[in-house]
Amino acid sequence: PSSLDGGVQTMVIQFVDISFWDSEAPGYASTETVSFEARLRADGQISFSYRDFEDALDWLYWTKVGVETLDGQHGLDIGLSLPFSAGQPFTAIFTPWFLPLGGSSGELGSEEATSLSFLLQGSEDRQGWLTLSASDPSGGWSSQRRVRLLQQAFTFSWYVGDWDPC
């Protein structure tokens, strides 16, 4: 099931009193638990909110929190940098810097072309890859092209005061 979060379709998955794996405990479940939720938004944003974890601080050192590519080759784990030790509920949000605007899939007829629009976000230098895939309806032909994306951010500043001769 999904809901709207700020007008964006969102799937919310809640975990309440989830035990950690303990090979020496009955049923392999530790007595320490954690409660959290994951929100997966249609715009690509992912958030993890942690509510109840005070009795599980020793276990949270091993916790992985992050995102990775579908093939698992690349990822980001921020688990060790999260404020579990503060003992207060918190949320970690992952916002993609590269988003498709409008449809990013569909069918084209022979000799047809299309335009794809994207939004680049952030004020930092970033790079990544966009994979474009195409195939014919029978599955007899397919092709993939990887396009490197590079965002080189810039900064500007100004000075307020009298003009000096150049």
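Residues numbered from 1 in each chain as written. Predicted model: local features only at pLDDT ≥ 70, side-chain atom pairs only at ≥ 80, totals over all residues. Heavy atoms only, no water.

Asker: Tell me about the packing of aromatic side chains, and please be specific about residues and values.
Answerer: Scanning all chains against the criterion turns up seven aromatic pairs. Between phenylalanine 84 and phenylalanine 90, the ring centres sit 5.2 Å apart and the planes meet at 75 degrees, which makes this aromatic pair edge-to-face. Looking at phenylalanine 84, the relative accessible area reads 6%, which means it is buried. Relative accessible area serves as the criterion here: at 13%, phenylalanine 90 is assigned to the buried category. (Phe/Tyr/Trp six-rings, centres within 6.5 Å; stacked < 30°, edge-to-face > 60°. Buried < 20%, exposed > 50% of the residue type's maximum accessible area, 1.4 Å probe, protein only.)

Asker: Before we move on, can you summarise the layout of surface pockets with the specific residues and values?
Answerer: Put simply, the largest pocket is a space of about 2000 Å³. What lines the largest pocket is a set of 44 residues, among which Phe98, Phe118, Trp129, Leu130 and Thr131 lie closest to the centre. Sorting the residues of the lining of the largest pocket by element identifies strand S5 (66-68), strand S6 (75-77), strand S8 (98-101), strand S10 (126-135) and strand S11 (142-151) as the ones contributing at least two each. The element best represented in the lining of the largest pocket is S10, accounting for nine residues. For the lining of the largest pocket, the residue count by class is 20 nonpolar, 18 polar and six charged. (1 Å grid on protein atoms, 1.4 Å probe; cavity = no way out; pocket = protein on both sides within 12 Å on 5 of 7 lines; lining within 4 Å. Points joined across faces, edges and corners; volume = space filled by probe spheres on them. Helix = DSSP H or I, 4+ residues; strand = E, 2+ residues; numbered from the N terminus. Nonpolar A, V, L, I, M, F, W, Y, C, P; charged D, E, K, R; others polar.)

Asker: Before we move on, could you go through the side chain of serine 143 and cite the residues and values that matter?
Answerer: For serine 143, the position within the fold is in strand S11. In terms of polar contacts, serine 143 uses its side chain to reach the side chain of arginine 145, at 3.1 Å. Beyond its immediate sequence surroundings of up to four residues, serine 143 is in contact with Leu132, Ser133 and Ala134. (Polar contact = N/O pair within 3.5 Å; in protein donor to acceptor, adjacent residues only side chain to side chain. Contact = heavy atoms within 4.5 Å.)

Asker: Can you break down the pattern of salt bridges residue by residue, with the values?
Answerer: Under the defined criterion, the tally for this structure stands at four salt bridges. Between glutamate 37 and arginine 39 there is a salt bridge, and its shortest N-O distance comes to 2.8 Å. Exposure remark for arginine 39: the relative accessible area of 25% places this residue in the partly exposed category. For aspartate 43, the salt bridge goes to arginine 41, with nearest N and O atoms at 2.7 Å. A relative accessible area of 17% places arginine 41 in the buried class. (Salt bridge = Lys/Arg side-chain N within 4 Å of Asp/Glu carboxyl O.)

Asker: Explain a nonpolar patch on the surface to me, and be specific about the residues and the numbers.
Answerer: On the surface, a cluster of nonpolar side chains totalling about 350 Å² of accessible area is made up of Met11, Ile13, Phe15, Ile18 and Leu40. Considering every element that reaches the nonpolar patch, the biggest residue donor is strand S2 (residues 8-21), with four residues. Checked against the element boundaries, phenylalanine 15 lands in strand S2. Using a relative accessible area of 31% as the deciding quantity, one classes phenylalanine 15 as partly exposed. (Patch = residues over 30% accessible without salt bridge, like charges linked within 9 Å, V, L, I, M, F, W, Y side chains within 5 Å. Areas by Shrake-Rupley, 256 points an atom, 1.4 Å probe, with all protein chains shown as cover.)

Asker: Break down the pairing of strand S4 (residues 46-52) for me, citing the residues and quoting the values.
Answerer: The sheet contact formed by strand S3 (residues 29-41) and S4 spans six bridges and is antiparallel. When the bridges of S4 are listed, serine 35 appears paired with aspartate 52. Joining the antiparallel neighbours S3 and S4 is a turn of four residues, in which glycine 44 adopts a positive phi near 95 degrees. (Pairing = 2+ DSSP bridges.)

Note that every value here comes from positions in space, so none of it alone points to a role or purpose.
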